[in-house]
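In case you want the letters, here they are:
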Amino acid sequence: MKFVQKTLRFLLIALLLLYFLAATAMLGVRYLVLPHINEWRPVIEKRLSSALGAHVTMGEIAASWSGLNPTLALENLRLRDPQTNLELLYVPEAFAVVSWRSLFAQDLRFRQIEVNGIQLSGSRRADRQIVLASIVLDDQTSDRFSFSTQTPAVRWLLSQDQITVRDATFYWNDHLREAPELAIEGISFNITNSIFRHQMRMSASLPHELGSTIELIARTDNMFNPLASHEQGEIEIFMQVNDAQPTAWSPWLDIPTAEGRFATRLWLTMNAGRIGRATIDFAGSHAALHLDRGDSSVIRADHLEARLSGWLGDLFPEKEWLLFERSPNRLGASLTLSAQGLRLESSLFEPRTLLIGDESANTQWNRNGSQKLQVTATQLALESGKMNAQLRGKWTQGQASSPGVVDVTGTFDSVDPKNLHQYVTTQVSGESREWLRRAIRSGALKQLNLTLQGDLSHFPFNAPIKASGKESVKAAGIFRLEGDIDQVLIDYDYVEPNQPQWPAVTILNGKLLFN
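Residues numbered from 1 in each chain as written. Predicted model: local features only at pLDDT ≥ 70, side-chain atom pairs only at ≥ 80, totals over all residues. Heavy atoms only, no water.

Caption draft 1: Structural detail: the pairing of strand β22 (residues 440-455). Of the strand pairs in this sheet, strand β21 (residues 405-415) and β22 are connected by ten bridges, and their pairing is antiparallel. Bridging across to β22, S414 finds its partner in K446. Looking at chain direction, β22 and strand β25 (residues 477-490) are connected through eleven bridges and run antiparallel. Looking at β25, one finds that T451 is bridged to R480. (Pairing = 2+ DSSP bridges. Helix = DSSP H or I, 4+ residues; strand = E, 2+ residues; numbered from the N terminus.)

Caption draft 2: Representation of the side chain of N193 within the structure. Mapping N193 onto the fold places it in strand β10 (residues 182-193). What makes N193 buried here is its relative accessible area of 10%. Within the structure, N193 has its side chain in polar contact with the side chain of H198 (distance 2.7 Å). If sequence neighbours within four positions are ignored, N193 has contacts with L157, L158, S159, Q160, D161 and H198. (Buried < 20%, exposed > 50% of the residue type's maximum accessible area, 1.4 Å probe, protein only. Polar contact = N/O pair within 3.5 Å; in protein donor to acceptor, adjacent residues only side chain to side chain. Contact = heavy atoms within 4.5 Å.)

Caption draft 3: Region of the structure containing the confidence of the model for the protein. For the protein, per-residue confidence averages 78 on the pLDDT scale, and residues scoring 70 or more make up 76% of the total. For residues 6-28, every residue scores under 50 in pLDDT, and the model assigns this stretch six contacts once sequence neighbours within four places are set aside. (pLDDT = per-residue confidence, 0-100.)

Caption draft 4: Fine view of the nonpolar core. Counting 36 residues, the largest nonpolar core has V91, V115, I118 and L182 as its most contacted members. Going through the elements one at a time, β3 (69-80), β4 (87-98), β5 (110-116), β9 (162-174), β10, β11 (197-205) and β13 (235-244) are the ones with two or more residues in this core. Those residues in contact with V91 that sit more than four places away from it in its chain are E75, N76, L77, V115 and I118. Counting residues in each nonpolar core, the second largest holds 23 residues, with V406, L450, F479 and L481 among its members. (Core = buried A, V, L, I, M, F, W, Y, C linked by side-chain atoms within 4.5 Å.)

Caption draft 5: Geometry of the pattern of salt bridges. Under the definition given, this model contains 13 salt bridges. Here R307 ties to D281 by a salt bridge, and the two come within 2.6 Å at their closest N and O atoms. Taken as a pair, R307 in strand β16 (residues 298-311) and D281 in strand β15 (residues 274-290) lie far apart in primary sequence, 26 residues in all. By relative accessible area, D281 is classed as buried at 19%. A salt bridge links D302 to R343, with the shortest nitrogen-to-oxygen separation between them at 3.3 Å. Of this pair, D302 sits in strand β16 while R343 sits in strand β17 (residues 333-345), and the two are 41 residues apart along the sequence. For D302, a relative accessible area of 40% puts it in the partly exposed group. Ionic contacts of the salt-bridge type, sharing partners, join the residues E259, R300 and E345 into one network. (Salt bridge = Lys/Arg side-chain N within 4 Å of Asp/Glu carboxyl O.)

Caption draft 6: Inspection of helix α6 (residues 430-439) at higher detail. The set of residues buried in α6 consists of R433, L436 and A439. Along the axis of α6, the buried positions cluster into a sector of 150°, meaning they face one direction only. Its buried side turned inward, α6 meets α5 (420-423), β22 and β25. (Arc of directions from axis to C-beta.)

Caption draft 7: Representation of the packing of aromatic side chains. The full count for this structure, using the stated rule, is three aromatic pairs. Pairing F170 with W172 gives two aromatic rings, centres 6.4 Å apart and planes at 25°, and the pair type is stacked. A relative accessible area of 22% means that F170 is categorised as partly exposed. On the basis of an interplanar angle of 40° and a centroid distance of 5.4 Å, the ring pair of F316 and F324 is categorised as tilted. (Phe/Tyr/Trp six-rings, centres within 6.5 Å; stacked < 30°, edge-to-face > 60°.)

Caption draft 8: Here's a closer look at the environment of V115. Looking at the element boundaries, V115 is found in strand β5. In the structure, V115 is positioned 51 residues away from R166 in sequence and 6.3 Å away in space, judged by C-alpha atoms.

Caption draft 9: Focus on the environment of A94. Mapped onto the fold, A94 is located in strand β4. Residue classification places A94 among the buried residues on the basis of a relative accessible area of 19%. A94 has contacts with L72, A73, L74, E114 and V115, leaving out every residue within four places of it along the chain.

Caption draft 10: A look at the layout of surface pockets. By volume, the second largest pocket is sized at about 300 Å³. Residue lining of the second largest pocket: 18 residues in total, with D81, L86, L88, S123 and V131 positioned closest to the centre. For the lining of the second largest pocket, the elements supplying multiple residues, two or more each, are β6 (119-124) and β7 (130-132). No other element matches β6, which puts three residues into the lining of the second largest pocket. In the lining of the second largest pocket, the residues fall into seven nonpolar, nine polar and two charged. (1 Å grid on protein atoms, 1.4 Å probe; cavity = no way out; pocket = protein on both sides within 12 Å on 5 of 7 lines; lining within 4 Å. Points joined across faces, edges and corners; volume = space filled by probe spheres on them. Nonpolar A, V, L, I, M, F, W, Y, C, P; charged D, E, K, R; others polar.)

Caption draft 11: Inspection of the side chain of Q240 at higher detail. Residue position: Q240 is located in strand β13. At a separation of 3.2 Å, a polar atom in the side chain of Q240 contacts the side chain of N242. Setting aside chain neighbours within four positions, we find Q240 in contact with T213, I214, E215, T264 and R265.

Here it is in structure tokens:
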């Protein structure tokens, strides 16, 4: 019993002592430190200038009290490059509530930081180093993102309770690409650090020619709390870009040549600095994608919607793009697509524009055992006028000069035979294509079955090829059309007007075999 009484007495005395020390510290801060804080401004400027390697100036520092917490207010903070005197950072006003955790952490901790109207400059030098407000960031390797919590600035940011930035502006200069300056305005930024989680939210207005708005959210477990899970440093990221125009970003980013306006959403996870599973949704209007064929081939669509989901790293060769994590079983990624007003402009066809119509597809993308990219279509539907088609099959990447190897089967409900010549590529002789165009005058082809197998560089597989050291042989492949004929009029011996000719043939009902 006496032991319990002595223990309780000791705890009471300890609590009273802690209370006395906290009260003394509070009074000291309130009456001795805060009233004179602006007098220390030159010392603070000098220490910040030395730490950041830049010239730092401040307008005024004011201190006050909010409940049990001291507050600080700062005006007109400027950070300039010491060589060029270029302004790297400007903070019109900032407000902060100091946390009493600072006493135990032996470092400055804030319950809340609010910054309004900040202007920040960043750049990439010709030597590829990235500089943000005079701070040279860690070199980013090609195989992972580097985000070290041991960096003092990063550790300090993640140790504050809440940081809010409003109406900020960011200026980006890429000297490596010799691109014009990019200014992003209306930036809102928030970091919330709780016991178990870090969360960052950012939104901004884009220049009109680039898009409308951008939003970014990132979440991860608290990196300093041993009770958090810390699963391989996993970070969840969400990003949304509205009304973006990809071609306008080309001075700053290497992206495919695409036209139109797009809305994009991205969800991904990062593990140990590498990009893992990802899902990308995008929708576009008046879209056009330029194909790298050397003949200005373009795929166009009035409207386009797509979702790409899975392990994007599986789509690259093993020793390339190591920034992307590979799945254990090389599962690849799925792509679902729907398009309206689809058409292809290419020298493969005559006339150059091939009208495809409306299209929807479910596909799976991965690499086979030979590291060739492979696309499997479980469903590919086409609708153009009276033509409806259902296709399925597989495409495998070919050699450098080959358009690939296909194995496709499908059915066309109804086809207008007068348009057959448009679907035959220019690799077929002009005489044959002209005969199809002029000879078939009317009718319909119904329940047309398609079989297409082989290397597309030898399509339609009727011309001989010569193997090394061997005689010419017929290209291996199948191009077969089989279906019903309904009242097809064929002028098989067409001639110029006013010239004698054989009469045209009308096939009321029959079978078609094109092989």
